[in-house]
Amino acid sequence: MQPAELKLPDYRAQSPGVAARFDRIRQRPVILRVRDLRKSFGSNGKTHVVFDGVNLDIRRREFVCVVGASGCGKSTLARIVAGLDDASGGEVLLDGRAVAGPGPDRGMVFQGYTLFPWLTVKRNVMFGLLMLGRAETAADAEAREWLEMVGLSKFEDAYPHELSGGMKQRVAIARALANNPRILLMDEPFGALDALTRCKMQSYLLQIWRKVDVTILFITHDLEEAGYLADRIVVMGANPGRIIEVIENPVPRPRDATQFLSPEFLALKARLDELIHGPADSPEEKLPVIKLTEAGDEVE
Amino acid sequence: MAHHDWLGLKRELPRKRQLLLAALSFIIPLTIWCAISYVPWIWHPLIRVTDPGSVDYFSTGLDIPKATFYKEEAKARSAGQAVPLGHLVNPVYLPAPHAVARAFYTAFTTPPRLQDEPWLHESLAHSIRTIFLGFIISSVFGVPVGILCGTYRFFAKLQEPFVEFFRYLPAPAFAALCVAVLGIQDAPKIALIFIGTFFQQILIIANSVRKVDPALVEAAQTLGASRLKLVSRVVIPASITDIYTDLRILLGWAWTYLIVAEVVGTMSGITLFINQQARYRNFDNVYAAIAMIGIIGLSCDMILAWLGTVLFPWKRKHRGAKRQHPLFPLFDKPKPLVLPPHYRPRPQPGGQLDATG
């Protein structure tokens, strides 16, 4: 049966409110500028290009999601911005200055939580503050505020192994934000969580982001997550990795789960699907046909 | 059903069974020992003469092989002379459990045979001092060098090939050298324990430090930790529990070097005691002394295990955690499930279902 064509709006069509928001964003200064970034590795003449010619400007307090199939180098991009990996070419500018090595101005939240198991929750949040030379009492008070914000005040003296995955990731977010970074890099932060917790964490993140003046670069392979969270969605293709399209998300803010069925969201998702999976790559066509000949049962 | 399975593959046993098995691990060898000692028809290859009778080379208290005794007994009987009497015994080097248990007490209360010989508790103290001095001196150098090698490839490449070579040289091979350089008192013994421990220590600790999750280091870097702080605030705390476990294992090894070390130069400590008692053929004392080493070693390890849970609260077990001490699961009581205070079992429509419902 041919499925009924859904009448979807163009994914580029923006309501006046959304368009006004993007106009406001475009007025803001650029925080992070990625110029002609290239990453390759290998030696003895054999080089594997992870990605090449990546250009991206992220403005203040913008929420940018990077999506792409695995192997397109989206995590590597975040790691290079964080200074954990070196680029093979091009440069990353933070507030106009080239970044060299990791620093507290670019906070990072990893998929694997990476809380320090020997420190209590509060001490984990205090870690960066103490590294910046903050006094113990000041750091203590600030850490409490951050834990209050992520709703974990009751657990400040717990150790990470006593927390659930979602709680751990909230501590990790508080720990990264406590340093007051210019940009928060999130590398598939909710990838290890179960679906229900992930949904909750996404709305948590949006709530936090509304309260805090922070720019977010969010790496994910979950298209709905990108559509739910982002202002702009950077779609990367693989082999070699490159940016194939940057989409301004037409879904208005504030966001909530009911918008998952709004026409703007469905149009956006259809476009993301098409970009990442391609139209001919429908999974059913590629599956081998299994013929059941011996089942001996009437199957409708 | 898994619940009743004693041999469940890689499955944790209920706590009661664990304790039972831990007790059995000691009871089984003890039972075998008792059986051999107290049941006359198991082994007992000798006969202790209680009355030599007419056999001229028998004397009271002498242990004679069974065959010889029966031959002489038959000879005496056929000649119509006085028959020798005796009872079955084990060789003197296998004393019965009760004799060893008694020796456990009497070894401490018996004064030494010669005036300047040490009492047993003095020998033990001497041994413990030797071991701990050797081990502590080794750790003072070994732990920092190990951490350095584990953290920086530079030091690892600079040190480890030589250390790898050196650790294959058996420590006792250096005994003569130690005596020549350090004299015959305690110094060469401590040096020997040092040599036996130090090189293993560097490699094992370096390996533990190398296992630190690099993601933790990266996280700390993005939080602004400097190079030095990365080591002192991340690498060391991240590996400290593993290092502690390494040290516990290494301390056990140090005990094995003790006996060799104490023979070097003037014999001393528990080895001196064991050797002397063996010379006097007080084998019950020998066994008691050997058992004492085991007990001191095991209790030392248990104290350190307990100390570990005090020092490293983040490694404390919580609900369902399964890392337990391989020898003695005594210290980790499973926490009972605590329901939230407002929890009430919800009444079911139509009453509670029974198990078959």
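Values in this document were obtained by computation on a predicted structure and should not be read as measured data.

Chemist: Any details on the overall build of chain A? Residues and values, ideally.
Modeler: Within chain A, the secondary structure is distributed over 9 helices and 10 strands. Its C-alpha atoms give chain A a radius of gyration of 22 Å, within 12% of the compact-globule value 19 Å for 300 residues. Expressed as lengths along the three principal axes of its C-alpha atoms, the size of chain A is roughly 75 × 50 × 50 Å. For chain A, the proportion of its 300 residues judged to be buried stands at 40%. Considering only contacts in chain A between residues 6 or more positions apart, those separated by 24 or more positions represent 71%.

Chemist: So what's going on with the packing of helix H4 (residues 136-149) of chain A against helix H5 (residues 165-178) of chain A? Which residues, and what values?
Modeler: Residues and elements named next belong to chain A. Where H4 meets H5, the axes come as close as 9 Å, and the angle between the chain directions of the two elements is 135°. Looking at the two axes, H4 sits oblique to H5. The chirality of how H4 crosses H5 is right-handed. Seen from H4, the contacting residues are Glu142, Ala143, Trp146, Leu147 and Met149; seen from H5, they are Ala174, Leu177 and Ala178. Class assignment for the residues of the contact of H4 with H5 results in 7 nonpolar, no polar and 1 charged.

Chemist: Give a detailed account of the environment of Ile205 of chain B, specifying residues and quantitative values.
Modeler: Residue and element names in this part refer to chain B. Structurally, Ile205 can be placed in helix H7 (residues 187-210). The exposure class of Ile205 is buried, given the 26 C-beta atoms found within 10 Å. For the pair formed by Ile205 and Asn275, sequence separation is 70 residues and the distance between their alpha carbons is 35 Å. In this view, Ile205 contacts Gly142, Val143, Gly146, Ile147, Gly150, Ile243 and Asp246; residues no more than four positions away in its chain are not counted.

Chemist: Describe the pairing of strand S8 (residues 215-219) of chain A, naming the residues involved and giving the relevant values.
Modeler: On a regular strand, each side chain points to the face opposite its neighbour's, so the side chains alternate between the two faces of the sheet. All names here are of chain A. Most of S8 sits inside the fold, with 5 of its 5 residues counted as buried. Where burial is concerned, the two faces of S8 agree: the one with Thr215, Leu217 and Ile219 and the one with Ile216 and Phe218 are both buried. Here strand S3 (residues 63-68) pairs with S8 via 4 bridges, running parallel. Pairing of Val66 across the sheet is with Ile219, part of S8. Two elements, strand S7 (residues 183-187) and S8, share 5 bridges in a ladder whose sense is parallel. From the neighbouring strand, Leu185 faces S8, where its bridge partner is Leu217. Taken together, S7, helix H6 (residues 195-211) and S8 form a β-α-β motif whose crossover is right-handed.

Chemist: I'd like to hear about the confidence of the model for chain B, residue by residue, with values.
Modeler: Residue and element names in this part refer to chain B. The share of residues in chain B with pLDDT of 70 or more is 87%, and the mean pLDDT across the chain is 85. Here residues 319-337 is modelled with pLDDT under 50, and outside its nearest four sequence neighbours on either side it reaches 16 contacts, counting other chains as well. Here residues 352-357 scores under 50 on pLDDT; set against residues more than four positions off or in separate chains, the count is 1 contact.

Chemist: Help me get a handle on the domain arrangement of chain B, residues and values and all.
Modeler: By the assigned domains, chain B splits into domain 1 (46-89) and domain 2 (107-315). Distance between the C-alpha centres of domain 1 of chain B and domain 2 of chain B: 53 Å.

The rules we used
Residues numbered from 1 in each chain as written. Chains lettered and ligands numbered in written order. Predicted model: local features only at pLDDT ≥ 70, side-chain atom pairs only at ≥ 80, totals over all residues. Helix = DSSP H or I, 4+ residues; strand = E, 2+ residues; numbered from the N terminus. Rg over C-alpha atoms; globule rule 2.2 N^0.38 Å. Buried ≥ 20, exposed ≤ 12 C-beta atoms within 10 Å, placed from the backbone. Contact = placed C-beta atoms within 7 Å. Axes fitted to C-alpha atoms, helices over the stretch in contact; angles between N-to-C directions. Parallel < 35°, antiparallel > 145°, perpendicular 65-115°, else oblique. Left-handed = near helix turned anticlockwise from the far one by under 90°. Nonpolar A, V, L, I, M, F, W, Y, C, P; charged D, E, K, R; others polar. Pairing = 2+ DSSP bridges. Right-handed = clockwise from strand over helix to strand, strands pointing away. pLDDT = per-residue confidence, 0-100. Domains from an automatic or database assignment.

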